[in-house]
Amino acid sequence: MSNVVILGAAGRLGAALAREWRRAGETVCALGRAELPLEDPQLLRRVLGAIEFDVLVNCAAWTHVDACEGHPREAFQINAEAPSKIAHYCSERGARLVHVSTDYVFDGLLHRPYCEEDVPAPVSVYGASKKAGEDGVLAAGERHWVVRVSWLFGPDRPSFVDQIIDRSLTQDRVGAVADKWASPTYTVDAAALLRPFLRAVPGGGLLHLSNAGYASWQEYGQWVLDCAAEAGLPLRSRRVESLGLRDMQGFVAKRPPFTPLDTSRLAALGGVAPRSWREAVSAYVRDRVAAGCWKTSF
């Protein structure tokens, strides 16, 4: 018997949830894309029909922002239609769905952290497909949660944190965008903060989950290098230079410039306020260095 099913368990967040929740005593069935592709609704029902669960957490999505821009049909199939079908199936079974969404549902023009009551206005196909997925999930049942996250980093798959360290170990100059801001989110912290919403917190709806505070990519990267230098990594570059969104020639889709998340509701309902993103990054860099895995994981 499995009490919690996680879809997208091969991803950065899904893998962390499965590991941390098992350590906390949950019985978890973790399914990746190989076991359960979201494009096949019949397979979805057949696989899930053989599992006993009371909560399903959907971390699966097509998150390649630029690829979604060129393939809107596939983006909406995976990010919108599939979550809606999963939500209705969970409602039929009397199970709760926790569906992971994104800060990209906003246009980034608010100039303050976004709360759950703010009206989404996506500026890309990816953002629009995720917003449609949110709507489908919320319409399927009052007990379902839609959880928006941003800038995930953690030990299971390389992220911006790992990439900026890797580049600084081998290059004399590194840069990052200085005019795009969001809230970094440590997947290990996310697992602890989200666990009460599996069963203990009643109701459902929208929820913003991230570490506290926000930063630009440049500020984020600079703090990463400061932590890496303190930990003794042999960095060739210790300063992150400023780049602009206009300099990102490889970007196809438009990016929202300012999408920090207000986590007041998370703290009020879950009973624990997230620690700052700086504390979380410091812990992550320290723990990776202590384990020696920074040498082989990037």
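Structure: above.
The present account deals with the structure reproduced in this document. (Residues numbered from 1 in each chain as written. Predicted model: local features only at pLDDT ≥ 70, side-chain atom pairs only at ≥ 80, totals over all residues. Heavy atoms only, no water.)

## Some words on the packing of aromatic side chains
Operational definition: Any Phe, Tyr or Trp ring, taking Trp's six-membered ring, that has another such ring centre within 6.5 Å forms a pair; planes under 30 degrees apart are called stacked, those over 60 apart edge-to-face, and the others tilted. Only Lys NZ and Arg CZ are tested; either one counts as a charge over a ring when it is within 6 Å of the ring centre and within 35 degrees of the ring normal.
Enumeration according to the criterion identifies 14 aromatic pairs in this entry. Note on Phe 106 and Tyr 114: the rings are 4.0 Å apart at their centroids and 20° apart in plane angle, and the pair reads as stacked. Aromatic rings pair up to connect Trp 151, Phe 153, Phe 160, Tyr 186, Trp 217, Tyr 220, Trp 277 and Tyr 284 into one cluster. Above the face of the Trp 217 ring, Lys 180 is positioned so that its terminal group lies 5.9 Å from the ring centre.

## Remarks on the pattern of salt bridges
Basically, it comes down to this: Any carboxyl oxygen of Asp or Glu within 4 Å of a side-chain nitrogen of Lys or Arg constitutes a salt bridge here. Counting from the N terminus, the helices are the DSSP runs of H or I reaching at least four residues and the strands are the DSSP runs of E reaching at least two. Relative accessibility thresholds used throughout: buried, under 20% of the residue-type maximum; exposed, over 50%; partly exposed, between the two (1.4 Å probe, protein chains only).
Counted by the stated rule, this structure contains 19 salt bridges. With a closest N to O distance of 3.3 Å, Arg 23 and Glu 20 form a salt bridge. Separated by three residues within a single helix, Arg 23 and Glu 20 lie in helix α1 (residues 12-23), roughly one turn from each other. A relative accessible area of 63% means that Arg 23 is categorised as exposed. When its relative accessible area of 18% is taken as the criterion, Glu 20 is described as buried. When the shortest N-O distance is used, the salt bridge between Arg 148 and Glu 134 registers 2.7 Å. One end of the pair, Arg 148, is in strand β5 (residues 145-149); the other, Glu 134, is in helix α5 (residues 125-140), with 14 residues separating them in the sequence. Each of the two residues, Arg 148 as well as Glu 134, counts as buried.

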